[in-house]
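Now for the letters of each chain:
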Amino acid sequence: MYKLVKGRFGYAVRVVGGTQARWARQKLSSRGEQEAVGRVVVPIARHFTSLHNTRGALLRLPGPRYSVPKRGIGMLVARVLRGALKIRYLLLGGSIAGGSALAKTYEQWKEALPDTKFLEDLLPSQEDLDSVRASLISYRDKIKDSIPEFSLDPKLWEAGEEGYSQIAGWFKERLDDAIQAAEEDKKSGSSIFSDDFSPDLKQHALSFTSMGSSSEKEREKADNIREKYESLQEELMQVQLKYQREIERLEKDNKELRKSLMLRAGDKVARKKVKKSLIDMYSEVLDELCDYDSSYDTQDHLPRVVVVGDQSSGKTSVLEMVAQARIFPRGAGEMMTRAPVMVTLSEGPYHIASFKDSTREFDLTKESELAELRKEVELRMRNSVRNGRTVSQEVISMTVRGPGLQRMVLVDLPGIISTVTTDMAADTREAIRSISQQYMSNPNAIILCIQDGSVDAERSNVTDLVSQMDPQGKRTIFVLTKVDLAEENLANPDRIRKILAGKLFPMRALGYFAVVTGRGNQEDSIQAIKDYEESFFSSSKIFKGGVINSHQCTTRNLSFAVSERFWKMVRDTVEQQADAFKATRFNLETEWKNNFPRTRELDRDELFEKARGDILDEVVNLSQVSPKQWEDVLSKKMWEKMATYIFENIYLPAAQATSSGTFNTTADIRLKQWADQMLPRRCVEVGWETLQDEFRKFIERAKNSKDHDTIFDNLKACVVDEAMRRHAWEDKAADVLRVIQLNALEDRSVSDKQQWDAACHFLEESVKEKLTATETTLREMVGPGTREQWLYWTYPTEDQKRRATVRAELEKLLATDYNHKNTLTYDEVTAVRKNTQNSGVEVDNEFIREMWHPVYRRHFLRRALAKAYDCRKAFYAYHQGLEGELGVECNDVVLFWRIQQMFKITANALRQQVMNREARRLEKEIKEVLEEFGCDQEKKEQLLTGRRVLLAEELKRVRQIQEKLEEFIHALNAEK
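The model shown is predicted, which means the values in this text are computed figures rather than measured ones.

Draft legend 1. Region of interest: the side chain of K637. Among the secondary structure elements, K637 is positioned in helix 20 (residues 627-655). Classification of K637 by relative accessible area gives buried; the value is 17%. Excluding anything up to four places from it in sequence, K637 contacts V686, E689, T690 and D693.

Encoded structure:
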């Protein structure tokens, strides 16, 4: 044993067998510790084998040796047994699971089978079958007892098969003759057989005769039973018709009683109860859902009765029979239903109809108002179709009230077509199928499948579509229309029986009905159609032949069945939909709190009203502008608009005069022409533009406030632009301004030194402004000078160099004649051209005249500015009339004083017009624009956008729907 290291708790040694244990005790302990070690060291196991390999045993270290246990045959046997048991358990578990799956599949298959309870009325009962079976057994016993046992003669077997057939034929002929003779003898009272017959032959003939007589009796019995069945069926039909007439009479009396009760209930509470019936409350929920999502969101799983069918199959006629009024437009083979029409049938004292968005009520008992209602429906359908489309998804919602109407909500959809005509949009067929699929995809929608019974079943398009949307037929009601035409056209009534039994079309349904909705005359009333339907089914071969059960006929039974199914679906699903909207509301509220904290939930209408108040407040703020501010702004803007005209058309021509009188005469004439023709109109334009600018400044200033909401910017800008576009200044304002301006321009007397100084200052500033603009123009024409070329490294073009050369020659010309006229003579133009040619520049006369205008204008403005400086101290000379003696002509100052005074007076008049008249008219026009935008939902959706608006809109809709659903559920439970 190798040397061991002693640990914290002593030595830990693994030994195998008693010998190794004793050896370990000796090595691990001294004599004093052997007893303690002996209690610790315990032999564990020892493995012996007879085949012990001693090779290398001398080289091994002393100590315990371990052997690896090996698997024997017993272990293999155990593993085989375990595998076999596992297979047994797998087989047992698989059989149990397969059995349960088979049972479940059988139950599902059993539930998927259509309801066969209607066969109970067609097939005989078990008692009738037992009685027929007992009669057949007794009949068999009679035949067996009447025929004795006999064996054929061996000679017959020898005659062969051919001889046997001949004998059998001969025997049959003789037997018929014997039966005929026996009947004759029976009548005459003689014996049946003659003495020539042998006894055996007589016995056989008697037996066959008795058999024939019993079959005749059975046949007579069957005929009697058939006659009794037909008579009972006829009697049953008469009883059913009698009961139906009695029920209709009672219903009519009930209608009258309910009508009188409703009319007597004059208190407000009773009126509220009538208006807020269950179906009306449910219809309001559906209207909210239509407004919430016009595309018919799949989350909306509230029940509706969806009326689908091929075009011209009688969908609308069925709905009119249920509503008991011809409320829809009709056309011969033309598509009339172009949009979904949701009709809410409700009970009321009067038979009336109304649209959701209108307060008018149409009296359905008057043919004139029925015609107006049909025109209104057709007009709404055509208005709902936009952008060249044939059908629309926009829902037309209407309510029909009347005594005895079955309460439900029906949706009439456009008829399914197979061919698109030239007057339709290319996608009409797909659009109609898409609309139908959207409404039928609602798992709680009741599908009223309308099939035309007068056409071949193979031409049906709607049955395939319905079978795709409701393959199990758990919410489909099949209606076969035009059964009267089907009876005339079909030779085999069994085909109609197969249709109404659900065996002809590849679809399943909860129930099958046959109705007649007219005689082909569009002018027939509902009562006439009902009478014709009743008379047809009472005399129809199909009804009398047992093809159709009585409860499968007439639109009355159909409306009862649809209404019953509708309310059952409503009661089963409405609470689930309320829970779904609760979850949707919670999600939307959570999103709002996370994204828009500390912000009120304002929908689009509320935001528009808030923006309306802000805009009108800005209009009111116009009154805060002071009169002086208005006048300064108006004067400045008028000068900006008219300065060029004053200099070019008034001041410059008048300054060409050689004397003061000529200057004043020219100025007076041109000023009068200006005031008569264009000055008042331009001043009105200036006033209107100033009003716009000031109002827009208030709008822009509001954007910088801390409470500004950017969501209103587009709306405010659009409203202001539209109001400004519509606004027009009063026509008489220009006439008033013309009189004021003419009087102001006639005054040429500057009364005091302050006015003179103001006029001089006005002239100087105006001339300096024009001079700066003229020098800038000249600089652009001649290019950079020497200074700019050295400092900014810019160089003139060839054209600019030529212009600079011409400008230099023209300046020389003006330097020689300081008071030069504003035009060039031909000689002067020629001299300038020659001088430029000498300088190496070729120019024409037109080029020289083009350069003359800015050069002379700069020269003239410099001269006018110098004269203005000289006139600053010439007021007293002007006042004393000594201008000519002092050599100072100040006509320019007087002219600009007259213009300045005219601007002041005009600005004052415009300011009064703006503050007293135009601001109010602008406010009125802004209110009109806001009113129009408020009624235009598309405009509001265009101008008020963003996730915040959409989320608030959706949250408001969901809350309204949830509240109406809870109110409806409460009323529904109270009715229960």
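That covers the picture; the talk isn't over yet.
Draft legend 2. Representation of the sheet that holds strand 6 (residues 408-412). Across the sheet, which stays open at both edges, the nine strands sit in the order 4-3-5-2-6-1-7-8-9 with mixed pairing between neighbours. Each end of this open sheet is capped by a strand with a single partner; those strands are strand 4 (362-363) and strand 9 (511-514). Looking at chain direction, strand 7 (residues 446-452) and strand 8 (residues 476-481) are connected through six bridges and run parallel. When the bridges of strand 8 are listed, I447 appears paired with T476. This element, helix 10 (residues 315-323), spans strand 1 (305-309), strand 2 (341-347), strand 5 (396-402), strand 6, strand 7 and strand 8 of the sheet and lies at about 160° to strand 6.

Draft legend 3. Structural detail: the pattern of salt bridges. Applying the stated criterion across every chain yields a total of 51 salt bridges. Here R921 makes a salt bridge to E918, at a shortest N to O gap of 2.7 Å. Within this pair, R921 and its partner E918 are both found in helix 32 (residues 891-935), separated by three residues, close to a single helical turn. Judged by relative accessible area, E918 falls into the buried class, the value being 0%.

Draft legend 4. Fine view of the packing of aromatic side chains. Throughout the structure, instances matching the rule amount to 22 aromatic pairs. Grouping aromatic residues by their ring pairs yields a cluster made of W639, F647, Y651, F762, W852, Y856, F860, F896 and F903. Across the ring face of F698, the terminal group of R701 is positioned such that the distance to the ring centre comes to 4.8 Å. Positioned above the aromatic ring of F847 is the side chain of R802, whose terminal nitrogen or guanidinium carbon lies 5.0 Å from the ring centre.

Draft legend 5. Structural context of the nonpolar core. Counting 106 residues, the largest nonpolar core has Y651, W674, W756, L810, M851, F903 and I926 as its most contacted members. Looking at which element gives the most residues to this core, the answer is helix 32, with 17 residues. Excluding its chain neighbours within four sequence positions, the residues that come into contact with F903 are S635, M638, W639, M642, I646 and W674. One finds L302, A323, V377 and M569 within the second-largest nonpolar core, a separate group that totals 101 residues.

Draft legend 6. Summary view of the state of the cysteines. On inspection of all chains with the given rule, the structure shows one disulfide. Covalent S-S linkage joins C871 and C890, the inter-sulfur distance amounting to 2.4 Å. Taking the sign of the S-S torsion, about -110° here, the bridge from C871 to C890 comes out left-handed. Of the two residues, C871 sits in the loop between helix 29 (845-870) and helix 30 (875-880) while C890 sits in the loop between helix 31 (883-886) and helix 32, which places them 19 residues apart along the sequence. What makes C890 buried here is its relative accessible area of 0%.

Draft legend 7. Examining helix 19 (residues 604-620) more closely. Taking 1.5 Å per residue, 17 residues should reach 24 Å; helix 19 reaches 24 Å between its end C-alpha atoms and fits that length. Next to the buried residues of helix 19 lie helix 22 (679-703), helix 23 (713-726), helix 32, helix 33 (937-943) and helix 34 (947-975).

Draft legend 8. Looking closely at the pairing of strand 5. The element strand 5 is largely enclosed, with a buried count of six among its seven residues. Relative to strand 5, strand 2 runs parallel, the two sharing seven bridges. Across the sheet, L345 pairs through a bridge with V400, a residue of strand 5. Pairing analysis gives four bridges linking strand 3 (residues 352-355) to strand 5, with the strands arranged antiparallel. Note on strand 5: the bridge partner recorded for S354 is T399.

Draft legend 9. View of the side chain of Q656. In this structure, Q656 sits in the loop between helix 20 and helix 21 (660-677). Among the polar contacts made by the side chain of Q656, one reaches the main-chain carbonyl oxygen of L652 at a distance of 3.2 Å. Among the polar contacts made by the side chain of Q656, one reaches the side chain of Y856 at a distance of 3.1 Å. Contact partners of Q656, with chain neighbours within four places excluded, come to H820, K821, N822 and Y856.

Rules behind the numbers
- Residues numbered from 1 in each chain as written.
- Predicted model: local features only at pLDDT ≥ 70, side-chain atom pairs only at ≥ 80, totals over all residues.
- Heavy atoms only, no water.
- Helix = DSSP H or I, 4+ residues; strand = E, 2+ residues; numbered from the N terminus.
- Buried < 20%, exposed > 50% of the residue type's maximum accessible area, 1.4 Å probe, protein only.
- Contact = heavy atoms within 4.5 Å.
- Pairing = 2+ DSSP bridges.
- Axes fitted to C-alpha atoms, helices over the stretch in contact; angles between N-to-C directions.
- Salt bridge = Lys/Arg side-chain N within 4 Å of Asp/Glu carboxyl O.
- Phe/Tyr/Trp six-rings, centres within 6.5 Å; stacked < 30°, edge-to-face > 60°.
- Lys NZ or Arg CZ within 6 Å of the ring centre and 35° of its normal.
- Core = buried A, V, L, I, M, F, W, Y, C linked by side-chain atoms within 4.5 Å.
- Disulfide = S-S within 2.5 Å.
- Expected span 1.5 Å × (residues − 1).
- Polar contact = N/O pair within 3.5 Å; in protein donor to acceptor, adjacent residues only side chain to side chain.

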